[in-house]
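Take a look at the letters that make up each chain.
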Amino acid sequence: MARHSPRPGGASRGRRRALLGTAVLTVLVALAGLTAYLTRDSRSPTEPPAPPSSSPTAASSAAPPSGRPSPRTGAGDLPVPPETHDPVAYGKAAAAALWSYDTRAYSQAELRKALHGWLTREAKYADPASVDKVVPSAVLWKQMAANHQFAEAKAYEGHFPHAFTQALQQDPGAITEAYIYAVTVSGKQSIAWKGSSVGGAESRSTTLAVQCRPYRSCALVGVLPSVAP
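Residues numbered from 1 in each chain as written. Predicted model: local features only at pLDDT ≥ 70, side-chain atom pairs only at ≥ 80, totals over all residues. Heavy atoms only, no water.

1. A few points about the pattern of salt bridges
Counting across every chain of the model gives 4 salt bridges. Across the pair Arg104 and Asp102 runs a salt bridge, and its minimum N-O distance is 2.8 Å. Its relative accessible area of 45% is what places Arg104 among the partly exposed residues. Taking the shortest distance from any N to any O, the salt bridge between Asp132 and Arg112 comes out at 3.0 Å. One end of the pair, Asp132, is in helix α4 (residues 128-132); the other, Arg112, is in helix α3 (residues 108-116), with 20 residues separating them in the sequence. Relative accessible area serves as the criterion here: at 31%, Arg112 is assigned to the partly exposed category. Because the salt bridges share partners, they merge into one network encompassing Glu122, Arg213 and Arg216. (Salt bridge = Lys/Arg side-chain N within 4 Å of Asp/Glu carboxyl O. Buried < 20%, exposed > 50% of the residue type's maximum accessible area, 1.4 Å probe, protein only. Helix = DSSP H or I, 4+ residues; strand = E, 2+ residues; numbered from the N terminus.)

This is the structure:
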């Protein structure tokens, strides 16, 4: 019996994802030596555990960045990217948006679409898969929605990782090809759900790749799988 070859479309999409990941990898490793990014595709996606009926799942919301503040006003609003040329300010806003959700106000698909709107329009650098890994799966979202669960957060601190600043000092011109910056953000999330008088809270940290070309507002490139100090 003849074997059926894989669908061309599926193979094409797989090659494209690999190429996009390679493009982002090349930029970040060349600039900052963030070798943790090399393991991104080999790691299984991390996802918040399914919440019991009386306990929450992790996420967060944003402190206003410098430049024009984000239109996001609180729980129930989908995240809208700010207009700023400051990569650290943008990274703080993006991290908080990625940590935040409100199952009472919108669907998982709507949140994913909104977060994709933060990504750079340059397809060879944008890494939507790394963003999707941060969003709870559709199955988990359904469980959280049954509890009316939502989360907000504040990004208290953002900085360029040491490896990134060291690489820039060694080769200042390297940034001018893609203008991609590594930004590490720390903050705290607050979580609440139906019937909870006091929600949970925990500290959060993440490292993001942010693109800030001259004369253009910053945009998100992707989320690194581990935090770079």
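2. Observations concerning the environment of Ala146
Relative to the helices and strands, Ala146 resides in helix α5 (residues 138-146). A relative accessible area of 48% means that Ala146 is categorised as partly exposed. When the C-alpha positions of Ala146 and Thr103 are compared, they lie 8.5 Å apart, and in sequence the two are 43 residues distant.

3. As for the state of the cysteines
Applying the stated criterion to the full structure yields 1 disulfide. Across the disulfide, Cys212 is cross-linked to Cys218 (sulfur-sulfur distance 1.9 Å). Every disulfide takes its handedness from the sign of the S-S torsion; for Cys212 and Cys218 that torsion is 115°, giving right-handed. As far as the burial class goes, Cys212 and Cys218 line up, both buried. (Disulfide = S-S within 2.5 Å.)

4. A few points about unusual backbone geometry
Across residues other than glycine, the phi torsion is negative in most instances, and most of the peptide bonds are trans. One non-glycine residue, His148, lies in positive phi territory at about 55°. On the basis of relative accessible area, His148 is assigned to the partly exposed category, the value being 39%.

5. Comments concerning the pairing of strand β4 (residues 200-211)
Summarising the sheet, strand β3 (residues 180-192) and β4 pair through 12 bridges and their orientation is antiparallel. Residue pairing for β4: Tyr181 is matched across the bridge by Val210. The sheet contact formed by β4 and strand β5 (residues 219-223) spans 4 bridges and is antiparallel. Residue pairing in the sheet places Leu208 in a bridge with Val223 of β5. (Pairing = 2+ DSSP bridges.)

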